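Each chain, written out:
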Amino acid sequence: MHLIKCPWCGERAEMEFTYGGDGTLTRPADPEAASDAEWTDYVYFRDNPRGPHEELWQHASGCRRWIKVRRNTLTHEILATGPADRPLEGNAS
Amino acid sequence: MVEVLPRRSALEGALEAGTFGAGGTPGLTLSERRRLAIVHVAGDAGDPAFTDAVRGRTGLDLPIEANTTAAGNGRTILWLAPNRWLVVCDGEESAALETGLRDALGSTFAAVNDVSQGRTVIRVAGARAPDLLAKGCPLDLHARAFPTGACGQSSLAKINVLVHSVDRGADGGTDAPILDVYVARGFALSLWEFLTDGAGEFGYTISPMP
């Protein structure tokens with residue numbers, strides 16, 4: 001089975017995890033001042049990269065923690081994982 | 001006056017003692033651990049005031065390392081997630097355990113919740129116990145990867161469970177390996193049906209409940 005390394009629980013089966021979307025988004029710093037275009041970009045528009053992509057996943061059946069996963073969208077290879085509250089180690093590409 | 005209803009097992013009526021499945025010597029035993037006190041504790045593992053308070057009430061050091069447990073004095077503390085634990089106690093009132101922990105923690109930044117009635121604990125024991133769970137669980141249940149005292153939250157028959165490796169028989173346990181499966185009460189019957197169905201090929205005994 002495909003394994004994803006949870007930063008706390010270790011390598012676990014992919015079925016224990018839930019996909020949580022793009023992990024590189026940043027919410028507009030000043031919500032009141034952000035324009036409709038900026039909000040639309042943040043809420044709806046997503047890149048669809050071919051290759052390494054930084055994503056959020058949740059270890060839903062395990063420790064319930066959100067984690068960051070760098071995954072190759074072409075091969076489904078997991079390149080790096082780490083806690084969600086800090087940048088992933090290593091280069092994005 | 002508040003009337004406290006007696007605890008009623010989620011497997012009441014489904015759990016029927018006897019020997020079932022394939023003939024010959026049964027490969028495993030299924031039973032339910034009843035009347036356990038189960039308390040969920042959350043707090044900062046790096047705060048000595050928190051860890052000392054829990055040690056003071058339970059006599060056990062909180063397991064800080066992932067997927068490990070601490071056991072003694074009839075109590076077990078299971079690691080669930082960073083800063084989250086389950087304190088399980090046999091032969092103590094859950095309300096007493098909960099209020100005891102809460103009193104010990106005082107104003108420390110922590111949360112204590114009695115979840116005894118929300119969990120069902122099924123004990124799977126015997127040589128084929130890991131084989132039975134492996135039918136629906138992606139955890140590596142081999143004694144090398146899941147030794148005595150290990151625990152892990154995972155999925156069993158697509159139901160979220162917590163598996164506790166109580167005894168792998170390394171020190172000559174008679175009924176080993178013993179694995180405890182913690183499941184949310186609402187899923188208990190469904191899981192029980194999965195386990196009894198899957199255990200048929202090994203032959204299994206269901207222990208009578210007191």
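Small disclaimer: the values here were computed from a predicted structure and weren't measured.

1. Remarks on the interface of chain A and chain B
Consideration 1: Listed per partner, the contact involves 11 residues of chain A and 10 residues of chain B.
Consideration 2: Split by residue class, the side of chain A that touches chain B holds six nonpolar, two polar and three charged.

2. Description of the pairing of strand β5 (residues 75-81) of chain B
Residues and elements named next belong to chain B.
Consideration 1: With respect to burial, β5 is a largely interior element, five of its seven residues being buried.
Consideration 2: The sheet contact formed by strand β4 (residues 69-72) and β5 spans four bridges and is antiparallel. If you follow A70 over to β5, its bridge partner there is I77.
Consideration 3: In sequence, β4 turns back onto β5 through a hairpin of two residues, with N73 there showing a positive phi of about 55°.
Consideration 4: Where β5 lies against strand β6 (residues 84-90), six bridges are found, and the strand directions are antiparallel. Opposite I77, over in β6, you have V87 as the bridge partner.

3. Some details on the domain arrangement of chain B
Residue and element names in this part refer to chain B.
Consideration 1: When its domains are assigned, chain B resolves into domain 1 (18-34 + 118-206) and domain 2 (36-116).
Consideration 2: For domain 1 versus domain 2, the distance between C-alpha centres works out to 24 Å.
Consideration 3: On the domain 2 side, the residues contacting the 11 residues of domain 1 number 11 residues.

4. Comments concerning the sheet that holds β5(B)
The pairing of strands in a sheet happens through backbone hydrogen bonds and is either parallel or antiparallel.
All names here are of chain B.
Consideration 1: Pairing within the open sheet is antiparallel, and its five strands lie in the order β4-β5-β6-β3-β7. Each edge of the open sheet is held by one strand with a lone partner, namely β4 and β7 (110-114). Between one strand and the next, the sheet's axes are offset by a mean angle of 20°, whatever the strand orientation.
Consideration 2: As paired elements, strand β3 (residues 36-43) and β6 share seven bridges and run antiparallel to each other. Bridge pairing in β6 places I38 opposite V88.

5. Some details on the packing of helix α1 (residues 48-58) of chain B against helix α2 (residues 94-105) of chain B
Each pair of packed helices can be summarised by the angle the axes make with each other and by the distance between the axes.
All names here are of chain B.
Consideration 1: At a minimum axis distance of 9 Å, the contact between α1 and α2 shows a crossing angle of 140°. When the axis of α1 is compared with that of α2, the two are oblique. Crossing of α1 over α2 shows right-handed handedness. Each of F50, A53, V54, G56 and R57 in α1 lies in contact with α2, whose residues at this interface are G100, L101, A104 and L105.
Consideration 2: Residues that form the contact of α1 with α2 fall into these classes: six nonpolar, two polar and one charged.

Criteria and cut-off values
Residues numbered from 1 in each chain as written. Chains lettered and ligands numbered in written order. Predicted model: local features only at pLDDT ≥ 70, side-chain atom pairs only at ≥ 80, totals over all residues. Contact = placed C-beta atoms within 7 Å. Nonpolar A, V, L, I, M, F, W, Y, C, P; charged D, E, K, R; others polar. Buried ≥ 20, exposed ≤ 12 C-beta atoms within 10 Å, placed from the backbone. Helix = DSSP H or I, 4+ residues; strand = E, 2+ residues; numbered from the N terminus. Pairing = 2+ DSSP bridges. Domains from an automatic or database assignment. Axes fitted to C-alpha atoms, helices over the stretch in contact; angles between N-to-C directions. Parallel < 35°, antiparallel > 145°, perpendicular 65-115°, else oblique. Left-handed = near helix turned anticlockwise from the far one by under 90°.

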